[in-house]
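# Examining the three-dimensional arrangement
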Number of protein chains: 2
Amino acid sequence: MDVSANKRDRGEAYVVGVDFGTLSARALVVRVSDGAEAGTAVSEYAHGVIDRELGGRELPPDWALQDPGDYTEALGVVVPAAIRDAGIDPGQVIGVATDFTASTCMPVLATGTPLCQLPDLAGRPHAYPKLWKHHAAQPQADRINAAAHERHEKWIKRYGGKISSEWQFAKALQVLDEDPEIYQRADRWIEAADWIIWQLCGNETRNACTAGYKGIFQDGQYPSPDYLAALDPRFASFVADKLAHPISPLGGLAGRLTPAAAAACGLTDGIAVAVGNVDAHVTVPAAGPIAPGKMVAIMGTSTCHMVNGTGLAEVPGMCGVVDGGIVAGLWGYEAGQSGVGDIFAWFARNGVPGQFADEARRRGESLPELLDQTAAAQPVGAHGLIALDWENGNRSVLVDAGLSGVIVGLTLATTAPEIYRALLEATAFGTRLIIETFRDAGVPVTELVVAGGLIKSAAVMQIYADVLRRPLSVIGSEQGPALGSAIHAAVAAGAYPDVPLAASAMGRVNRDVYRPDAARADVYDDLYAEYVRLHDYFGRGANEVMYRLRAIRDRALGGGSR
Amino acid sequence: MDVSANKRDRGEAYVVGVDFGTLSARALVVRVSDGAEAGTAVSEYAHGVIDRELGGRELPPDWALQDPGDYTEALGVVVPAAIRDAGIDPGQVIGVATDFTASTCMPVLATGTPLCQLPDLAGRPHAYPKLWKHHAAQPQADRINAAAHERHEKWIKRYGGKISSEWQFAKALQVLDEDPEIYQRADRWIEAADWIIWQLCGNETRNACTAGYKGIFQDGQYPSPDYLAALDPRFASFVADKLAHPISPLGGLAGRLTPAAAAACGLTDGIAVAVGNVDAHVTVPAAGPIAPGKMVAIMGTSTCHMVNGTGLAEVPGMCGVVDGGIVAGLWGYEAGQSGVGDIFAWFARNGVPGQFADEARRRGESLPELLDQTAAAQPVGAHGLIALDWENGNRSVLVDAGLSGVIVGLTLATTAPEIYRALLEATAFGTRLIIETFRDAGVPVTELVVAGGLIKSAAVMQIYADVLRRPLSVIGSEQGPALGSAIHAAVAAGAYPDVPLAASAMGRVNRDVYRPDAARADVYDDLYAEYVRLHDYFGRGANEVMYRLRAIRDRALGGGSR
């Protein structure tokens, strides 16, 4: 098939990006020439997040599964719908790419069939994909980390010293521990990000992003059999048996759309299918030109900070650094804040008296909108408060889920909107600390682009600009991940020679939308100094009150964790 | 007049106690033989607290004045009304006594006429009584403290190292600084507690309680002229000119009710008028037998802790120790928490989402009642929180109004009732720290009786019993101060030889109403250890973040204090 033959120029070619989120999938039809978004469609997964029961049996706490049938089903809905929405001929589509939550991983047969789709295993929880927020593999993660530090595995420093319970190895080890038969029957252990590509093009691939950030693939290899044996002798061949496969660069061609997948999606068979990717990482090219030092912060319920560097550095508390992890040819650094929009939403639900909700209703606004406006109207520092943004723990730079939130400076005159603003600011201080930690480790951040749901809040954006004392650029798309996927599809289809060139043509950024005010930034310098002092006091061992409070809480609740 | 002549026995004699509060006065008619409360009446002051404007002119921030005409007017209302309510013959009343807020002090002529009642001074703010919570004399208090420490005045240690801006000297010095003509024209500078007695019996007296706790009268003398001259040369003769007067013991006879006062109050002239007293201190005998080591905690918007000792000790951070300051013959110790019920009310107003108010309405309860019940239902420590109770500063043991509130341990699962409970507990930890500080300084607390508005909350009471790991006795009267005044009236009238004997007969206490639970107390020991660690970190100079936050706030608000 030669798309350009029956179209006048490249401007008429389109690509489809599909973003697989936690609860739904979204397809975006994008013009190859300039990234214009022509059409979109979204579909919720039939089974959503499976975290309470499976086949009538209750799941333990902290479990979160999904049904892989939902992924393929959604694909068959959203792609044709987005094409219709765009009003283009499906024959104009020259490539398709996807991004996924991660690490969402599962056991499959050598054919790619998920074990949970085998009739005799349908009721077995460990046969299902473990969603990124499945947190029941913490004991396995603890073993993984202890052994790594004991053996001085050099890769552990690439992950801020800690492998997450959310990642591939901890989840696979949990299967081995708790349902060895499932472990045994799994020919492959694969990210959903790669599995969905397998469904599209018929080839197993492993993308550089999930392999690096979630699969401990560093310097061309996975953890050694010796190390794995130290976790469990039966685990020694985990890599060789279930993971090992050539790693594909992002934007690479995974294969061609199979006739079956083409029929399901309403596309032409044989078009390019790009290598899989992750929702946060794929957003970077959607935010315009790629450059070392340009950080893209995807701010939503939590925040991911993605930045490319020209070399390898060990940044304390980063989530990971991966060669080609964001874009081939550069070292991709990832950091994160585990609670951002989640904290604001928690406070709006739990800490704001009724008169504000009433007032918001009168004005026809949401409560967060009203709080944002009330917060924005306060002079910087007038609330006399400082908060630590650890209500959901700290991902970077302390990498400590056992920490918790703090508010200092309360008086009998303190109001809920003042506390709300202090919480907004606390997350901005957290971002500043991450950026300064990168800088101090030799990875300077020279430009900051924000993406994600929180870009809708001008109050939050201005606070960040002032706290960071730097202009904030804003991604020019409301569908950052899907646009990023579409960019990768264009590269895989050969429309651009590489992702950076495609990003320059198809990505969109509005530069310097929010500019810092020097006077406000001066006050924030003082408040940030207080934040750092409290951060270090509570977070670096001077007073381990937060762990002790959790222990007291767990004993009070009967020994379980909550 | 011989009351006992026309009555069969002492059981038929009555006394009247009048409690002058911040907004109203209350009279209580009490049977002398057993303290039975026969009748009561209350009346609000016509001018209340004058803190916004006076005669059409705006008052500066932190000012709080009163109109002394309100005091005498209220007296003429509540005493006759209480007598009517009791259904007794006014001739049965053998004595009257009063208690007052303190330090509420004013400039008067040698005749006792308040300067604000002179026609040519009616519009002059400094001619009016400065209510206890007038806080505009802080600069003067700062000078008083600095000079005291510089000169090593030995009395400063009797006040926890700090003279309050609320007390006599700071307020008088403010008058001298800001309106020297008023200062000049004041023949006397007197507590309202003593001024009201002057109106009743025609004699100027000075009671041991306000002289000691509010007037720096120690070891038989006031601060020296040399010291006063160091504050301002014109202030050198302040004591000699405006304060000096023999000090009267509590329960002593100030004089006899004048015919004019008797007519105004509907009482018999010539009956005993007791020496003045202070609302908190006078409550101690109302709570039953007097004994060294028995602490009476008057818990309301703030808490006063009163305890008698047999000797003099210097307790860090106490408000004051005064020989005969609570009862003649013992050293009276006072400590305090500047925010208790005020903190709970602040949080109920500012930190609780609407659904709880809705739920309270459905149940026909107040929001604090609902929060109390919800708090009481939580297992100790299940909220995972620890708070510092400094939203209104810390009176004891840190004596620092610049401190502020802290909450540690917040998570995305934390709810408003959990924070509410943590605040209740924080005030209980504050009380425990005060009691332990007394113990460590050689003033053991062997018994604890609670009084004040918070005794209505069983949740608060049980938390205190558990945190303190000791039984809580509860005062047996809802009118502690007025009953305490009545007891002093009975002593002044000669019905009892001294206050302790009168207190045993007329005071009332319900013993051990709340008993500690050992398991809960064990958890509280752990939480209290965390409280102390944070208390010392934020309160003893390791991190002066709270002062800096206040300074940032004041700059943000334009340099003023708030």
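Residues numbered from 1 in each chain as written. Chains lettered and ligands numbered in written order. Predicted model: local features only at pLDDT ≥ 70, side-chain atom pairs only at ≥ 80, totals over all residues. Heavy atoms only, no water.

## Observations concerning the confidence of the model for chain A
When pLDDT drops low, the exact placement of atoms in the prediction is not to be read closely. Residues and elements named next belong to chain A. As a reminder, the rule being used: Looking at any residue, its pLDDT shows the predictor's confidence there, from 0 to 100. Residue contacts are defined here by distance: any two heavy atoms, one from each residue, within 4.5 Å place the two residues in contact.
Model confidence for chain A is summarised by a mean pLDDT of 95, while 97% of its residues fall at 70 or above. Per-residue pLDDT stays below 50 along residues 1–10; that stretch engages in 13 contacts with residues further than four places along the chain or on separate chains. Model confidence for the complex: the whole-complex pTM is 0.93, and ipTM, which rates the interface, is 0.93.

## Comments concerning the pairing of strand 6 (residues 93–100) of chain B
All names here are of chain B. Defined as follows: The buried label applies to any residue whose accessible area, calculated with a 1.4 Å probe on protein chains only, is under 20% of its type's maximum; exposed applies above 50%, and partly exposed to all values in between. Elements are defined by DSSP. Helices are runs of H or I of four residues or more, strands are runs of E of two residues or more, and each kind is numbered from the N terminus. Pairing between strands is defined by DSSP: at least two bridges between them are needed.
Most of strand 6 is tucked away, with eight of its eight residues classed as buried. As paired elements, strand 1 (residues 14–20) and strand 6 share seven bridges and run parallel to each other. When the sheet's bridge partners are listed, valine 18 is paired in strand 6 with threonine 98. Bridge analysis of strand 6 against strand 12 (residues 272–274) gives two bridges, and the strand direction is parallel. Paired with glycine 95 across the strands is alanine 272, a residue of strand 12.

## A look at the nonpolar core
Stated precisely, the cut-off is as follows: Residue types Ala, Val, Leu, Ile, Met, Phe, Trp, Tyr and Cys, when buried and joined through side-chain atoms within 4.5 Å, form a set referred to as a nonpolar core.
If you look at the biggest cluster of nonpolar residues, it comprises 244 residues, and the most contacted ones within it are Phe438 and Phe538 of chain A together with Phe438 and Phe538 of chain B. Residues contacting phenylalanine 438 of chain B, with those up to four places away along its chain left out, are Met295, Val307, Val315, Met318, Tyr333, Ala335, Val443, Pro444 and Val445 of chain B. Core analysis: the next-biggest nonpolar cluster, separate from the first, contains 44 residues, Cys105, Cys116, Ala137 and Trp189 of chain B among them.

## Points about the packing of helix 15 (residues 458–468) of chain B against helix 18 (residues 518–539) of chain B
Packed helices, taken two at a time, are described by their axes: the angle between them and the distance between them. All names here are of chain B. Condition: Fitted lines through C-alpha atoms give the axes, limited to the stretch in contact for helices. The angle between two N-to-C directions lies from 0 to 180 degrees. Convention used here: angles under 35 degrees read as roughly parallel, angles over 145 as roughly antiparallel, angles from 65 to 115 as roughly perpendicular, and any remaining angle as oblique. Residues are grouped as follows: Ala, Val, Leu, Ile, Met, Phe, Trp, Tyr, Cys and Pro are nonpolar; Asp, Glu, Lys and Arg are charged; all remaining types, including Gly, are polar.
The interhelical angle for the contact between helix 15 and helix 18, taken along N-to-C directions, is 70 degrees, at an axis separation of 7 Å. When the interaxial angle is binned, helix 15 and helix 18 end up roughly perpendicular. For the pair formed by helix 15 and helix 18, the contact residues are Gln462, Ile463, Asp466 and Val467 on the first element and Arg520, Ala521 and Tyr524 on the second. Considered class by class, the residues forming the contact of helix 15 with helix 18 number four nonpolar, one polar and two charged.

## Topic: the interface of chain A and chain B
Heads up, the rule is: A 1.4 Å probe defines the accessible area here, and the buried area is the portion of it lost by two parts on being joined, summed over both. For salt bridges, the criterion is a side-chain nitrogen of Lys or Arg within 4 Å of an Asp or Glu carboxyl oxygen. Polar contact is the term for a pair of N or O atoms within 3.5 Å; when the atoms are in protein, one must be able to donate a hydrogen and the other to accept it, and sequence-neighboring residues count only if both atoms are side-chain atoms.
Contacts between chain A and chain B engage 54 residues on the former and 54 residues on the latter. Across the chain A to chain B interface the summed buried area is about 4,200 Å²; carbon plus sulfur atoms make up 62%. Three residues, Leu410, Leu412 and Leu549 of chain A, lead the burial of chain A against chain B; their summed loss comes to 16% of the area buried on that side. Our count for the chain A to chain B interface comes out at four salt bridges. A salt bridge links aspartate 526 of chain A to arginine 555 of chain B, with the shortest nitrogen-to-oxygen separation between them at 3.7 Å. Remark: the boundary between chain A and chain B carries 13 residue pairs in polar contact (both at pLDDT 80 or more). At nine residues, the largest contribution of residues to the side of chain A that touches chain B is made by helix 19 (residues 545–556) of chain A.

## Description of the relation of the copies chain A and chain B
We apply this condition: Least squares is used to superpose the copies, and the fit set is the C-alpha atoms of residues whose pLDDT is at least 70 in both copies.
Superposition of chain A onto chain B requires a rotation of 179 degrees combined with a translation of 0.0 Å along the rotation axis, giving an RMSD of 0.1 Å. Overall, the copies show the geometry of a two-fold rotation axis.

## Let's talk about the pattern of salt bridges
Under the defined criterion, the tally for this structure stands at 62 salt bridges over all chains. The partner of aspartate 120 of chain A in a salt bridge is arginine 185 of chain A, with the nearest N and O atoms 2.7 Å apart. Note that aspartate 120 of chain A is positioned in the loop between strand 7 (105–108) and helix 2 (138–150) and arginine 185 of chain A in helix 4 (residues 180–185), a separation of 65 residues in sequence. Residue glutamate 447 of chain B is joined to arginine 511 of chain B by a salt bridge in which the shortest nitrogen-to-oxygen separation is 2.5 Å. With glutamate 447 of chain B in strand 19 (residues 447–451) and arginine 511 of chain B in strand 21 (residues 509–514), this pair connects stretches of sequence that are 64 residues apart. On the basis of relative accessibility, which here comes to 22%, the residue glutamate 447 of chain B falls in the partly exposed class. With a relative accessible area of 47%, arginine 511 of chain B lands in the partly exposed category.

## A word on the packing of aromatic side chains
Residues and elements named next belong to chain A. What counts is decided by this rule: Classification of ring pairs rests on two measures: the distance between centres of Phe, Tyr or Trp rings, Trp counted by its six-membered ring, which must be within 6.5 Å, and the angle between planes, read as stacked under 30 degrees, edge-to-face over 60 and tilted in between. Sitting over a ring, as applied to charges here, requires NZ of Lys or CZ of Arg to be within 6 Å of the ring centre and within 35 degrees of the ring normal.
Per the counting criterion, the structure on display carries 45 aromatic pairs over all chains. With 6.0 Å between their ring centres and 40 degrees between their planes, tyrosine 183 and phenylalanine 235 make a pair best called tilted. Taken as a pair, tyrosine 183 in helix 4 and phenylalanine 235 in the loop between helix 7 (225–231) and helix 8 (238–243) lie far apart in primary sequence, 52 residues in all. Accessibility assignment for this pair places tyrosine 183 and phenylalanine 235 in one class, buried. Aromatic ring contacts, followed pair by pair, group Phe20, Tyr45, Tyr71, Phe100 and Trp195 into a single cluster. Above the ring of tyrosine 183, the side-chain terminus of lysine 242 is found at 4.4 Å from the ring centroid.

## Remarks on the environment of aspartate 120 of chain A
Residues and elements named next belong to chain A. Aspartate 120 sits in the partly exposed class, given a relative accessible area of 49%. Separated by 313 residues in sequence, aspartate 120 and leucine 433 have C-alpha atoms that sit 51 Å apart. Looking at aspartate 120, its side chain comes within polar contact range of the side chain of arginine 185, at 2.7 Å.

## Considerations on the sheet that holds strand 20 (residues 472–475) of chain B
All names here are of chain B. Pairing is mixed across the open sheet formed by seven strands, whose spatial order is 15-16-14-13-19-20-21. The open sheet terminates on both sides in strands that have one partner only, identified here as strand 15 (320–323) and strand 21. Along the sheet, successive strands turn relative to each other by an average axial angle of 25 degrees, direction set aside. Packed onto the sheet, helix 10 (residues 279–286) meets strand 13 (294–299), strand 14 (303–309), strand 16 (331–337), strand 19 and strand 20 and runs at close to 60 degrees relative to strand 14.

## Focus: helix 5 (residues 192–201) of chain A
All names here are of chain A. Across the ten residues of helix 5, nine count as buried, placing the element largely inside the fold. What helix 5 keeps buried is the set Ala192, Ala193, Asp194, Trp195, Ile196, Ile197, Trp198, Leu200 and Cys201. Positioned one or two residues after helix 5, glycine 202 has a phi angle of 85 degrees, which is positive.

## Regarding the environment of alanine 27 of chain B
All names here are of chain B. Mapping alanine 27 onto the fold places it in strand 2 (residues 24–31). Judged by relative accessible area, which is 0%, alanine 27 ranks as buried. Along the backbone, alanine 27 and valine 78 are 51 residues apart, and their C-alpha atoms lie at a distance of 5.5 Å. For alanine 27, the contacting residues outside a window of four places in its chain are Val16, Gly17, Val18, Gly39, Thr40, Ala41, Val78, Val79 and Ala82.

## Some words on the sheet that holds strand 18 (residues 405–410) of chain B
Strand order in the open sheet formed by four strands is 17(A)-18(A)-18(B)-17(B), with antiparallel pairing between adjacent strands. Here the strands that pair on one side only, and so sit at the sheet edges, are strand 17 (386–388) of chain A together with strand 17 (386–388) of chain B. Mean inter-strand twist for the sheet, computed between neighbouring axes without regard to direction, equals 10 degrees. Sheet analysis places strand 17 of chain A next to strand 18 (residues 405–410) of chain A, joined by three bridges and oriented antiparallel. Note that in strand 18 of chain A the partner of alanine 387 of chain A across the bridge is isoleucine 407 of chain A. This element, helix 14 (residues 416–440) of chain A, spans strand 17 and strand 18 of chain A of the sheet and lies at about 55 degrees to strand 17 of chain A. Running over the sheet, helix 19 (residues 545–556) of chain B touches strand 17 and strand 18 of chain A together with strand 18 of chain B and is turned about 60 degrees from strand 18 of chain A.

## Details of unusual backbone geometry
Keep in mind that most residues, glycine aside, have a negative phi and that most peptide bonds are trans. Residue and element names in this part refer to chain A. Cis geometry marks the peptide bond from alanine 102 to serine 103, where omega comes out at -5 degrees. When you line up the elements, serine 103 lands in the loop between strand 6 (93–100) and strand 7. Looking along the chain, the bond that leaves serine 396 and enters valine 397 is cis, with omega of 5 degrees. Residue placement: valine 397 occurs in the loop between strand 17 and strand 18. Unusually for a residue other than glycine, aspartate 512 sits at a positive phi of about 50 degrees. When its relative accessible area of 28% is taken as the criterion, aspartate 512 is described as partly exposed.

## Structural notes on the packing of helix 12 (residues 354–363) of chain A against helix 13 (residues 367–376) of chain A
Residues and elements named next belong to chain A. Contact geometry of helix 12 with helix 13 gives a least axis separation of 9 Å together with a crossing angle of 100 degrees. By the angle between their axes, helix 12 is roughly perpendicular relative to helix 13. Where helix 12 approaches helix 13, its residues Phe356, Ala357, Glu359, Ala360 and Arg363 are matched on the opposing element by Leu367, Leu370 and Gln373. In terms of residue class, the contact of helix 12 with helix 13 is made up of five nonpolar, one polar and two charged.

## Observations concerning the side chain of histidine 383 of chain B
Residues and elements named next belong to chain B. With respect to the helices, strands and loops of the structure, histidine 383 is situated in the loop between helix 13 (367–376) and strand 17. In this structure histidine 383 comes out as buried when scored by relative accessible area, which is 3%. Among the polar contacts made by the side chain of histidine 383, one reaches the side chain of glutamate 425 at a distance of 2.8 Å. Non-local contacts of histidine 383, meaning those with residues more than four positions away in its chain, are made with Gln378, Glu418, Arg421, Ala422 and Glu425.

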